[in-house]
Amino acid sequence: ASSAGILYPRESESREVKSLDGMWNFRLSLPDSLVGFKERWYMKDLSKTGPVIQMPVPSSYNDVIVDKKIRDHVGLVWYDKSFFVPESWRQQGYRVCLRFGSVNYAAQVWVNTHLVLSHEIGHLPFQRDITANLKFGRLNRITVAVDNVLLQTTVPQGSLQNISTNTGPKTIQTYTFDFFNYAGIHRSVFLYTTPIVYIDDVDVTTNYTEDGVGIINYNIQYGGSLSSGETLNCSITVLNNENVREKITVITNDEEGLSGVIKIENAKLWWPYLMHEEPGYMYTLEIRLSTTWNVDDVYRLPVGIRTIKWTNTAFLINNKPAYLRGFGRHEDSDIRGKGMDYALVTRDYDLIKWIGANSYRTSHYPYAEEIMDFADKHGIMIVDECPSVDTVNFSDKLLKKHTTSLAELIKRDKNRPSVIMWSIANEPRSDQKDADSYFKSVAIFVKNLDGSRPITAAIATQLDTDQLGQHLDIIGFNRYNAWYTLPGHTEIIKSRLEDEAAKWHAKHNKPVFMTEYGADSYAGLHMGPSFVWSEEYQVELMSEHFRAFDTLRSKNFFIGEMIWNFADFKTEQTVTRVGGNKKGIFTRQREPKSSAYHLRKRYWSLANRLD
Ligand code: GCB
């Protein structure tokens, strides 16, 4: 099934989309992780298996209910929901798919007692044609088992630890990555319909000529089989952002397949925020697939026309060198955890624009498609990261999962103009002996799937022992000078940073950007003179970084700065975190700290100087 497409469900004259979001039945798998399987909870209504509570979808389940047992649960949880499928869907001969935007970490899905789907590594969509499993005109049930256990062979890795407690032995989850292991049905669940022969996937790459002609190369895959003698036609209409037709192309399927080139005179390019007065310009490809005897299928794909290039020293968008002003981020907020929430997403993009940023990294996993849509529309450049974080003990099994996740990510995001790089890892132990061959394989794998975008990673290993940089196109590095290294001593930052960045460039002859730096600050804690954890200290540490970045920019290989982090976020419970990681320049509630005003001044002045 992995070769099939994963287009976002969009309604059209030939497609209906039905959301299954809302309240679902929920219960923990207790007393042990296997009880739901032993008692076959997928065979009946979950509420008939024992006591259930109501859980919102989409959301992480951890912080919604005021109960440690749920927040800190290790193992399986079960969800179910009943829903109607209209009889008219059968009469129309619809094909019906069930699609999850993301379930973390691993999921198994039953429809009317039949196992239909399983998925691992969270953060990415998965779907299946469930027409044969549905009861049209009647009530149906969908059951989901979600497992949050992380082991050495999962991505990311974790360990289980047995501890003894007052009431007996207990298994707890440990992990080294620095964000809370939220779990549940994190993104929307959709049922959607297509005709029997349908548009399954679209690949788009873009370019433009010197005289302003935009070029859209497309390749369309269809699903479903044609009857003998049946022919297939495909027409593509390009609409501008006011839904006015620019161009119509008609192709007939032959041996070559459904691919071709569309040219648009005086094309408007997709530009990043503040690099142009109309950033994020999107066209729509209206694709119509017609067959002799079936209903036409129509799918509308948003497309931005732009080019990406890179050299040994620069990253170029539309042939113009771009300097990244951005952040590392998280999908994280009060109550909902990693649950997709339009109000939150809207606020976040408003803050990104307020502050004058033009980019961010989806640290440390792929973000919701709804979030990526905003990036396309607002012209925010995305360093698109896979869920490989803090990897140690490289193995073939891990490599297989890591590349599977990257393949799914690229399939999902390949057509997005906002995606400018693939980040293949964050802070792996790239000095370990197998790191070299491991990352070589990962890099070749990604290049084979998409040669149009550079590969990067956020490296924390020291320069002389790192084995990852050589496999990248662009070097990203994370460094916490005057925080984890010599806290309190901001006087070390400028020289160390300038020195290290120059050495990364000298070692690999590639562009370099800083993927993380920062300091925790507890909002409202003021100390003069500056002292660690105060707002003043965070601001001072930033100022020293800015001084180094300014020197580095004049040296012509340094392509960007991304502060850690956009907002405070929840982590596992540890004594080094006060209610979570506080390196945000916004609080977790998205209110500005002193650092937000400081960063805003810099990003706007950089934008005015550079764009
Ligand atoms: C890092 C990690 C990030 C952490 C950050 C920190 O290097 O990539 O996940 O949150 O440091 O604040 O320690």
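Being a predicted model, the structure only gives us computed values, none of them experimental.

Reading guide: rules and limits
- Residues numbered from 1 in each chain as written.
- Predicted model: local features only at pLDDT ≥ 70, side-chain atom pairs only at ≥ 80, totals over all residues.
- Heavy atoms only, no water.
- Helix = DSSP H or I, 4+ residues; strand = E, 2+ residues; numbered from the N terminus.
- Buried < 20%, exposed > 50% of the residue type's maximum accessible area, 1.4 Å probe, protein only.
- Contact = heavy atoms within 4.5 Å.
- Near = heavy atom within 4 Å.
- Polar contact = N/O pair within 3.5 Å; in protein donor to acceptor, adjacent residues only side chain to side chain.
- Areas by Shrake-Rupley, 256 points an atom, 1.4 Å probe, with all protein chains shown as cover.
- Nonpolar A, V, L, I, M, F, W, Y, C, P; charged D, E, K, R; others polar.
- Core = buried A, V, L, I, M, F, W, Y, C linked by side-chain atoms within 4.5 Å.
- Disulfide = S-S within 2.5 Å.
- Expected span 1.5 Å × (residues − 1).
- Arc of directions from axis to C-beta.

(A) Structural context of the environment of Met340. For Met340, the position within the fold is in the loop between β25 (324-328) and α4 (342-355). Residue Met340 is classed as buried on the basis of its relative accessible area of 10%. Spatially, the C-alpha atoms of Met340 and Gly101 are 9.5 Å apart, while their sequence positions differ by 239 residues. If we skip the residues at most four places from it in the chain, Met340 touches Pro58, His186, Arg187, Val345, Ala368 and Glu370.

(B) The arrangement of the side chain of Arg602 in detail. Assignment of secondary structure puts Arg602 in helix α10 (residues 594-610). Overall, Arg602 belongs to the buried group, its relative accessible area being 7%. Among residues more than four places away in sequence, those in contact with Arg602 are Tyr323, Phe546, Phe549, Asp550, Arg553 and Glu561.

(C) View of the site of the ligand. In the vicinity of the ligand, 13 residues are found, and the nearest of them are Asp178, His364, Glu427, Tyr484 and Lys583. One of the side-chain N or O atoms of Asp178 is found 2.5 Å from an oxygen atom in the ligand. Isolated, the ligand exposes 320 Å² of accessible area, and the fraction of that covered by the protein chains is 93%. Here the residues of the shell around the ligand are counted per class, giving 4 nonpolar, 4 polar and 5 charged.

(D) Representation of unusual backbone geometry within the structure. Pro31 follows Leu30 through a cis peptide bond whose omega is 10°. Examined against the element boundaries, Pro31 turns out to sit in the loop between β2 (22-28) and α1 (35-38). The omega torsion of the bond from Trp564 to Asn565 falls at 15°, within 30 degrees of zero and hence cis. Locating Asn565 in the fold gives a position in the loop between β32 (558-564) and α10. Positive phi values are uncommon outside glycine, yet Arg40 reaches one of about 50°. Assignment of secondary structure puts Arg40 in the loop between α1 and β3 (53-57). The backbone of Glu427 shows a phi angle near 45°, a positive value even though the residue is not glycine. Within the secondary structure, Glu427 is located in the loop between β28 (419-426) and α7 (435-449).

(E) Region of interest: the nonpolar core. In terms of nonpolar packing, the biggest core is built from 89 residues, with Phe327, Ile424 and Leu599 touching the most fellow members. With near-sequence residues (within four places) excluded, Phe327 lies in contact with Ile352, Ile355, Ala357, Ser359, Tyr360, Arg361, Met562, Ile563, Phe566, Ile585 and Leu599. Core analysis: the second largest hydrophobic core is formed by 46 residues, Ile199, Ala322, Val383 and Met562 among them.

(F) Representation of the state of the cysteines. The final tally for this structure, using the stated rule, is 0 disulfides. Unpaired in this structure, Cys97 has its nearest cysteine sulfur neighbour in Cys234, at a distance of 19 Å. The class of Cys97 is buried, set by a relative accessible area of 2%.

(G) Molecular detail of α4. Its 14 residues place the ends of α4 20 Å apart at the C-alpha level, agreeing with the 20 Å of an ideal helix rising 1.5 Å per residue. Listing the buried residues of α4 in full gives Leu344, Val345, Asp348, Tyr349, Leu351, Ile352 and Ile355. One face of α4 carries all of its buried residues, which in axial projection span an arc of 160°. For α4, the exposed residues lying more than 90 degrees away from the buried face are Ala343 and Asp350. Those residues of α4 hidden inside the fold are in contact with β25, β26 (359-361), α5 (369-378) and α10.

Interpretation note: all reported values are geometric properties and have no functional meaning in isolation.
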